[in-house]
Each structure stands twice: as C-alpha cells, then as structure tokens.
Amino acid sequence: MTALDAVSVYTPAFRVPIEELAGPLGLTDIQVRLFRRFHGLDRIRLDPDRSLGELLRAAVDGLTALRGNEHRVRYVVHGRAMPVVAPYPHNPLHDLCRELGLGHALAFTVTQQSCASGLLAVELAGRLLAADGAGDSLALVLTGEKAFTRDAQLLPGTSLFGEGASACLVSADGPRDRLLSFVCAQRGEFDAEFGEQSERFHREYRGSLAEVMRRAVAEAGLGFEDVRLVLPHNVNVVTWQRLCLLMDFPVERVLLSNVPDSGHLFCADAFANHRTARDRGLLREGDHYLVATVGAGAGATFSAMVFQH
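This section reports on the structure supplied with the text. What you are looking at is a predicted structure, and each value in this text was computed from that prediction instead of being measured.

1. Let's talk about the overall build of the chain
- In terms of helices and strands, the chain carries 10 helices and 12 strands.
- The globule rule puts the C-alpha radius of gyration for 309 residues at 19 Å, and the 18 Å found for the chain is close to it.
- Taken along its principal axes, the extent of the C-alpha atoms in the chain is 55 × 45 × 40 Å.
- Looking at the 309 residues of the chain, the share that counts as buried comes to 57%.
- Look at the contacts in the chain between residues 6 or more apart in sequence, and 79% of them connect residues 24 or more apart.

Here is the structure:
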C-alpha cells in the first residue's frame, strides 16, 4: 500500500502583500480588494533569489530520511503544473538528481493534470514501486515551481500563485500516512481557453470536486464523519467555504490557514498543508485525512486522496 514515509517542505520567508503585485500583474483596485476581502488572500510567498532547481533542493535538504538511503531510490518524479519551466536543453530535475547522487534513478516529470499532478505523482510512484516488487525501494516525489510569468502567477478572479517546494519519500508499504484511496476525474471539455466551457467549469467546479471527494471517502471504506481533516489546494478561502456548505462538512476541519499566508503553491499545496497539520498536532496516529485538489488549464482534473496517518 502506497505510503508517505517522509515529507519535507520549503516555503520562502519573503512574502509580498497582494497590493504590491497589482502593478506587475495589471490588477485594478477592485480586483485586489476581491482577492483580499472575498478570496481571503493576504500575502504571496516568493523567492526571487532561488532558481527552480534551488527551490527543489531546499525542500530535499530538509528530508533527513533520504540521507543514507539514496541507493534505495528507484524513481524521482516531479509533479508539476506548468508544462515548460526551463529553456532547452536545461533540465533542473536531472541536474538535481546528479547533485543528490541519484543519477541511477529513473527521473521524469508529470504535468498532464496541472495543479493535480502532485497527487498523481504520489499515486504513480506507489504503483511503480509495487509493480517492481522490491520491498525496500523508494521513490522521491518533488513538487515546486517558479511563478515566472504573469500567466504563471495569476489565475484571474480566483487566485494568485506563490513559490515553494516539497519533497516526499514514497514507499510501496510504509507504516504510516498510508494511501487508502485515490479518485481522479478528468474533464477534457473544461478547457479554460474557451469562454463558454470556462463558464460551465466555474458552474460545475464545486459539484465536481465534491463528487470525487465523496467517492474517495467511500472507496476507503469510510464516511465523512471518519475524516479528521481535509488538506485542500490553496486556491482561495471562499471556494472551500461554499464547498463545505454543499457537502454539509464543517469548514473548521479544512486546513485553510495557509491560504492568506502563502497563496496557491501550484502542486505543493497539499504537502505544505500536511506539514502544517503535523507541526500543529492536528493529526493523531490512526486518523484519516483527505487531500483534494483541482488542476485547470487545457481541461480540468478533480482529484482526491484519503490517507491514514
């Protein structure tokens, strides 16, 4: 059973008030007020002095469980929202593998599900390890990106992207943070580039996400009363408030405190929230928690995972 053996997260200390982004992003005063008062955004974490490779390295440096176990790492998977992050022929992922002594591992990137690609990377890593049948092998799953263009930093009317990274050691049969279910609904008709489908996407967004969450909980053999905590994607606060109303789920059990403090960290949201839950003692041994996210771009992906801590 796929498990998160260890999780490390790097988030920059440097935070920018959203008002300071208005000029660079071409936001009006009304749009800034909408992000602050309605969506609950306050500051965005950025790291102008670090490259993508350095962001990922900062996350890996905190992964103490990797030290001495590099030889066990069979796969390195980068879950990424953006399809292109560096000019050819540069490859930050392969450069990082060489730095870490992981040149022997099979390294590749998953981008097909936008911001949901991080969850896909975990599930895929677990399946690959299980298929290999090597009980002590590990996979290193990375997330993290640079908000390097206006399109990469702004989701109009919805969210602002920040920078951060995570590193997870995944095993096929670990003792804790064990994956009980994974549900993914891909909706190719929701192409945000086309106005009519974009409007339909916004109408059906919450219902579609609620459906995959319900399915994930059911496939784990649980009810929502058994879910101690929901770790969301940090798109904004109001989306989750309305989703909780739709699902009759207590919003107090959705970890939303990182939304105003960080912004949307691409695929790293789930793991940043995992660290917060761990640091605050919000999960006890045996607790069940649900991770949910949506990736939108050329189509949409609604994903949910249930773990046992």
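2. Quick look at helix α10 (residues 269-279)
- Counting buried positions along α10 gives eight out of 11 residues, so the element sits mostly inside the fold.
- Along α10, the positions that sit buried rather than exposed are D269, A270, F271, A272, N273, H274, T276 and A277.
- Count one or two residues on from α10 and you reach G281, which has phi positive near 65°.

3. Notes on the packing of aromatic side chains
- Per the stated rule, a full pass over the model turns up six aromatic pairs.
- Ring geometry for F224 and F249: centres 5.7 Å apart, planes at 65°, overall edge-to-face. Taken together, the positions of F224 in the loop between α7 (195-219) and β11 (227-231) and F249 in the loop between α8 (237-247) and α9 (258-262) put the pair 25 residues apart, joining distant regions of the chain.
- Aromatic pair Y289 and F307: ring centres 5.3 Å apart, planes at 15°, arrangement stacked. A single burial state applies to Y289 and to F307, both of which are buried.
- Through successive ring pairs, a cluster of aromatic residues spans F201, Y205 and F302.

4. Describing the environment of S159
- Topologically, S159 is positioned in strand β8 (residues 159-160).
- Considering only alpha carbons, one finds S159 and P17, 142 residues apart in sequence, at a separation of 14 Å.
- Every residue in contact with S159, bar those within four places of it in the chain, is listed here: F35, L41, Q153, L154, N234, V235 and H264.

5. A few points about the pattern of salt bridges
- Applying the stated criterion to the full structure yields 22 salt bridges.
- In this structure, the salt-bridge partner of D47 is R50, at a minimum N-O distance of 3.2 Å.
- On the basis of relative accessibility, which here comes to 7%, the residue D47 falls in the buried class.
- The exposure class assigned to R50 is partly exposed, which follows from its relative accessible area of 32%.
- The closest approach of N and O atoms between R278 and D279, which form a salt bridge, is 3.7 Å.
- Exposure remark for R278: the relative accessible area of 37% places this residue in the partly exposed category.
- In this structure D279 comes out as exposed when scored by relative accessible area, which is 56%.

6. Details of the packing of helix α3 (residues 52-61) against helix α4 (residues 92-100)
- In the contact formed by α3 and α4, the axes pass within 9 Å of each other and the chain directions differ by 40°. Here α4 runs oblique to α3, going by the angle between their axes. Between α3 and α4 lies a crossing of right-handed hand. Across from L52, G53, L56, R57 and V60 in α3, the residues of α4 making contact are P92, L96, E99 and L100.
- By residue class, the composition of the contact of α3 with α4 is six nonpolar, one polar and two charged.

Each value, and the rule that gives it
Residues numbered from 1 in each chain as written. Predicted model: local features only at pLDDT ≥ 70, side-chain atom pairs only at ≥ 80, totals over all residues. Heavy atoms only, no water. Helix = DSSP H or I, 4+ residues; strand = E, 2+ residues; numbered from the N terminus. Rg over C-alpha atoms; globule rule 2.2 N^0.38 Å. Buried < 20%, exposed > 50% of the residue type's maximum accessible area, 1.4 Å probe, protein only. Contact = heavy atoms within 4.5 Å. Phe/Tyr/Trp six-rings, centres within 6.5 Å; stacked < 30°, edge-to-face > 60°. Salt bridge = Lys/Arg side-chain N within 4 Å of Asp/Glu carboxyl O. Axes fitted to C-alpha atoms, helices over the stretch in contact; angles between N-to-C directions. Parallel < 35°, antiparallel > 145°, perpendicular 65-115°, else oblique. Left-handed = near helix turned anticlockwise from the far one by under 90°. Nonpolar A, V, L, I, M, F, W, Y, C, P; charged D, E, K, R; others polar.

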